[in-house]
Amino acid sequence: MDIKEAIRQRRSIGKVKQDPIDKQLIEEILEAGIWAPNHCHTEPWRFWVMTGEGRSLLGRGFAEVAAAEADPALSEEELNKLKSAQEKKAFRAPVVIAVAVTPSEKPVVPEIEEYAAAHAAVQNMLLTAHALGLGTIWRTGAPTYHPKMREVFSLVGKEELVGFIYIGYPDMAPPKAQRMPFAHKTTWVSVKV
């Protein structure tokens with residue numbers, strides 16, 4: 001697939017089939033991720049590929065975050081229902097890849113650039129999955145950055161999750177999208193000011 005076509009046509013696909021995804025396709029997606037640009041070649045990313053019951057790792061993270069943030073007045077039964085509903089979120093796709101950033105200790109590399117590299121890796125992965133005929137959605141949100149989620153994924157030091165890539169064969173039409181023309185957000189500078 002032409003790169004420009006992939007960029008313009010890729011959409012977040014929130015509804016996918018539960019059909020298994022061939023490991024080779026997942027490896028192609030991971031390989032694309034590691035070729036993202038990164039300052040001083042720090043390669044500041046980590047991946048967890050969760051399939052089958054392995055997705056329960058993420059489910060446990062969602063449940064623990066929900067329990068930590070729940071109203072203390074909830075009954076045990078209500079809390080269990082809440083946790084169960086949150087655990088199910090991890091099973092919305094046959095494959096979920098958690099992506100974390102592991103910032104370098106090199107003083108020459110600003111931490112924000114390590115995040116940029118991890119985000120670029122995610123974009124490479126989304127575009128590659130699209131080119132392979134798969135649907136993806138990059139999910140983030142408050143639970144992603146919660147200390148309980150960090151604990152579940154055994155993150156240490158400055159490591160942080162940057163999101164979860166849900167992957168499957170699309171079970172919905174891609175949503176329509178529009179973008180404001182780049183001219184509305186671009187300043188051309190060609191002479192001294």
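What comes next is a walk through the structure. (Residues numbered from 1 in each chain as written. Predicted model: local features only at pLDDT ≥ 70, side-chain atom pairs only at ≥ 80, totals over all residues. Heavy atoms only, no water.)

**Describing the layout of surface pockets**
In this model, the largest pocket occupies a volume close to 250 Å³. Ile7, Arg8, Arg10, Arg11, Ser12, Gln123, Leu127, Ala177, Gln178 and Arg179 are the residues that line the largest pocket. Secondary-structure elements contributing two or more residues to the lining of the largest pocket are α1 (3–9) and α5 (111–131). Classifying every residue of the lining of the largest pocket gives three nonpolar, three polar and four charged. (1 Å grid on protein atoms, 1.4 Å probe; cavity = no way out; pocket = protein on both sides within 12 Å on 5 of 7 lines; lining within 4 Å. Points joined across faces, edges and corners; volume = space filled by probe spheres on them. Helix = DSSP H or I, 4+ residues; strand = E, 2+ residues; numbered from the N terminus. Nonpolar A, V, L, I, M, F, W, Y, C, P; charged D, E, K, R; others polar.)

**Some thoughts on the packing of helix α3 (residues 56–69) against helix α4 (residues 76–88)**
For the pair α3 and α4, the least separation of the axes is 7 Å and the interaxial angle reads 145 degrees. When you trace α3 past α4, the crossing you get is right-handed. Contacts between α3 and α4 pair Gly59, Phe62, Ala63, Ala66 and Ala67 from the former with Leu79, Leu82, Lys83, Gln86 and Glu87 from the latter. Broken down by class, the residue content of the contact of α3 with α4 amounts to six nonpolar, two polar and two charged. (Axes fitted to C-alpha atoms, helices over the stretch in contact; angles between N-to-C directions. Left-handed = near helix turned anticlockwise from the far one by under 90°. Contact = heavy atoms within 4.5 Å.)

**As for the sheet that holds strand β3 (residues 135–139)**
Taking strand neighbours across the sheet as the criterion, the four strands line up as β1-β2-β4-β3 in an open arrangement whose pairing is antiparallel. A single partner strand is all that each edge strand has here, and the edge strands are β1 (45–51) and β3. Strand after strand, the sheet turns through a mean of 20 degrees between neighbouring axes, direction not considered. Sheet analysis places β3 next to strand β4 (residues 160–168), joined by five bridges and oriented antiparallel. If you follow tryptophan 138 over to β4, its bridge partner there is isoleucine 165. (Pairing = 2+ DSSP bridges.)

**As for the packing of helix α2 (residues 23–33) against α5**
At a minimum axis separation of 7 Å, α2 and α5 run at an interaxial angle of 145 degrees. With respect to the hand of their crossing, α2 and α5 are arranged in right-handed fashion. In this structure, α2 contributes Glu28, Ile29, Leu30, Ala32 and Gly33 to the contact, and α5 contributes Ala121, Asn124, Met125, Thr128 and Ala129. Looking at the contact of α2 with α5 residue by residue, the classes come out as six nonpolar, three polar and one charged.

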